[in-house]
Amino acid sequence: MTARIVVFCCGLALASGVMAGCAVEAEAGGCGLQALMAVGLSAQEAAPGEVLDLTGGDAFTHCPFNDKGELDARGWTASPLEDLPVIWIQGDQSTTLTVIDADEEGKLAVSIKIPADATPGKATIVVGSEQVGEVAQVDLLIVGERG
């Protein structure tokens, strides 16, 4: 199962070639215009305590500004996203399982352990946060303990 979500934090006026609202963010160390980030799990259901592989791709920040905050007419730069929390959510409970960085190709890979106190039913794994600027999620079904 794979989920994709797009987050645009900058106003984009393609017809005039103007980026509104990004220059200040670029000077602060980021652009805020994100690519599509996709995540998936090695299984669609799991029991408490089981380990699943979470993989993903397209985890880049895309920015038309260079590191000086100037519009780069030569093209857009892309940087792998860093410090992406992997968050377990079930009902009103949530916990950060780990924090990961995308590799140079924008790929994500980590093994996650389903919490021992997970209950049968739907759960969600969220990768990223509003602070990072991008969020992707994938749902899974928690089953009773396997024999």
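Residues numbered from 1 in each chain as written. Predicted model: local features only at pLDDT ≥ 70, side-chain atom pairs only at ≥ 80, totals over all residues. Heavy atoms only, no water.

### Quick word on the overall build of the chain
Of regular secondary structure, the chain possesses 1 helix and 14 strands. Across the 147 residues in the chain, those meeting the buried criterion constitute 41%. Across the chain, the fraction of contacts at a sequence separation of at least 24, relative to all contacts at a separation of at least 6, is 59%. Taken as a whole, the chain presents about 8,300 Å² of accessible surface, with 51% of it coming from carbon and sulfur. (Helix = DSSP H or I, 4+ residues; strand = E, 2+ residues; numbered from the N terminus. Buried < 20%, exposed > 50% of the residue type's maximum accessible area, 1.4 Å probe, protein only. Contact = heavy atoms within 4.5 Å. Areas by Shrake-Rupley, 256 points an atom, 1.4 Å probe, with all protein chains shown as cover.)

### Remarks on the nonpolar core
Counting 25 residues, the largest nonpolar core has Leu108, Ile125 and Leu140 as its most contacted members. Sorting the residues of this core by element identifies β5 (37-41), β7 (51-57), β10 (84-90), β12 (108-113), β13 (121-129) and β14 (134-142) as the ones contributing at least two each. With 4 residues, the single largest contributor to this core is β14. Beyond its immediate chain neighbours, meaning those up to four positions away, Leu140 contacts Leu41, Gln44, Ala46, Leu52, Trp88, Ile114, Gly121, Lys122, Ala123 and Ile125. (Core = buried A, V, L, I, M, F, W, Y, C linked by side-chain atoms within 4.5 Å.)

### Quick notes on the pairing of β10
Burial analysis of β10 places 6 of its 7 residues in the buried class, which makes it a mostly covered element. As paired elements, β10 and strand β11 (residues 93-100) share 7 bridges and run antiparallel to each other. The residue bridging Ile87 from the neighbouring strand is Thr96, located in β11. Hairpin connection, β10 to β11: the antiparallel pair is bridged by 2 residues, and Gly91 has positive phi, about 60 degrees. Here β10 pairs with β13 via 4 bridges, running antiparallel. (Pairing = 2+ DSSP bridges.)

### Observations concerning the environment of Glu105
Mapped onto the elements, Glu105 comes out in the loop between β11 and β12. In the structure, Glu105 is positioned 46 residues away from Ala59 in sequence and 8.3 Å away in space, judged by C-alpha atoms. Side-chain polar atoms of Glu105 contact the side chain of Lys107, separated by 3.3 Å. (Polar contact = N/O pair within 3.5 Å; in protein donor to acceptor, adjacent residues only side chain to side chain.)

### Remarks on the sheet that holds β14
What holds strands together in a sheet is hydrogen bonding between their backbones, with the strands either parallel or antiparallel. Here we have 5 strands laid out as an open sheet, ordered β6-β14-β13-β10-β11, and mixed in their pairing. Sheet topology places β6 (45-46) and β11 at the edges, where each strand pairs with a single neighbour. In the sheet, β6 pairs with β14 via 2 bridges, with the strands oriented parallel. Bridge assignment links Glu45 to a residue of β14, and that residue is Leu141.

### Describing the side chain of Thr124
Checked against the element boundaries, Thr124 lands in strand β13. In this structure the side chain of Thr124 is engaged in a polar contact, spanning 2.7 Å, whose partner is the side chain of Asp139. In contact with Thr124, not counting residues within four places along its chain, are Ile87, Trp88, Ile89, Gln137, Val138 and Asp139.

### Considerations on the pairing of β7
Inspection of the sheet shows β5 paired to β7 by 4 bridges, in the antiparallel sense. Across the sheet, residue Ala38 finds its bridge partner in β7, namely Gly57. Pairing of β7 with β12 involves 6 bridges; the strand directions are antiparallel. By the bridge assignment for β12, Leu52 is matched with Ile112.

By themselves, these figures tell us nothing about what the structure is for.
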